[in-house]
Amino acid sequence: GGVYELLDSELDELHNSVLCLYFYFGYIVATLMLILMNRILFEASLYISKNNYVKDGVMAFLAFLLLGFNENTVIAFSICFLSLFIAYSEINKYKYCQS
């Protein structure tokens, strides 16, 4: 039938960043985002000892992830990804400009 009733609830406040990724974006997009984040973090682990900006960027992002276990800060505030972008730009600068 065509009779629908919308339920107004607080289902979008999951208080976990990974669960919010899956809830807001769906399985495929959230899985691709997590794979991309893991790829960047694993690549950054090779350059942490060589560049302080990479170390600071990765540590700041890991602090946001640690906070993201109890709150949805990674999803609600996109500024959390800024430290990861800075670390990845330093990795690319080291890989392509220093060679």
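From a predicted model like this one, the values you see are computed outputs, not experimental measurements. (Residues numbered from 1 in each chain as written. Predicted model: local features only at pLDDT ≥ 70, side-chain atom pairs only at ≥ 80, totals over all residues. Heavy atoms only, no water.)

Digging into the packing of helix α1 (residues 17–25) against helix α2 (residues 27–44)
Step number 1: Close contact between α1 and α2 brings their axes to 7 Å; oriented N to C, the two are set at 140°. In this view, α1 runs oblique relative to α2, as classed from their interaxial angle. In this structure, the crossing between α1 and α2 has a hand that is right-handed. Seen from α1, the contacting residues are Val18, Leu21, Tyr22 and Phe25; seen from α2, they are Tyr27, Val29, Ala30, Thr31, Met33, Leu34 and Met37.
Step number 2: Of the residues that constitute the contact of α1 with α2, the class distribution is 10 nonpolar, one polar and no charged. (Axes fitted to C-alpha atoms, helices over the stretch in contact; angles between N-to-C directions. Helix = DSSP H or I, 4+ residues; strand = E, 2+ residues; numbered from the N terminus. Parallel < 35°, antiparallel > 145°, perpendicular 65-115°, else oblique. Left-handed = near helix turned anticlockwise from the far one by under 90°. Contact = heavy atoms within 4.5 Å. Nonpolar A, V, L, I, M, F, W, Y, C, P; charged D, E, K, R; others polar.)

Concerning the pattern of salt bridges
Step number 1: A full pass over the atoms with the stated rule returns two salt bridges.
Step number 2: Across the pair Glu43 and Lys95 runs a salt bridge, and its minimum N-O distance is 2.6 Å. Remark: Lys95 occurs in helix α5 (residues 80–97) and Glu43 occurs in helix α2; sequence separation between them is 52 residues.
Step number 3: Put simply, Lys93 and Glu90 hold a salt bridge, and the shortest N to O gap is 3.3 Å. Of the two residues, Lys93 and Glu90 both sit in helix α5, three residues apart, roughly one turn of that helix. (Salt bridge = Lys/Arg side-chain N within 4 Å of Asp/Glu carboxyl O.)

Re the packing of helix α3 (residues 52–67) against α5
Step number 1: Relative orientation of the contacting elements α3 and α5 amounts to 155°, with a least axis distance of 8 Å. Here α3 is positioned roughly antiparallel relative to α5, judged by the angle of their axes. Every pair of crossing elements has a handedness; the one defined by α3 and α5 is left-handed. For the pair formed by α3 and α5, the contact residues are Tyr53, Val54, Gly57, Val58, Ala60, Phe61 and Phe64 on the first element and Cys80, Phe81, Ser83, Leu84, Ala87, Glu90 and Ile91 on the second.
Step number 2: Residues belonging to the contact of α3 with α5 are distributed by class as follows: 11 nonpolar, two polar and one charged.

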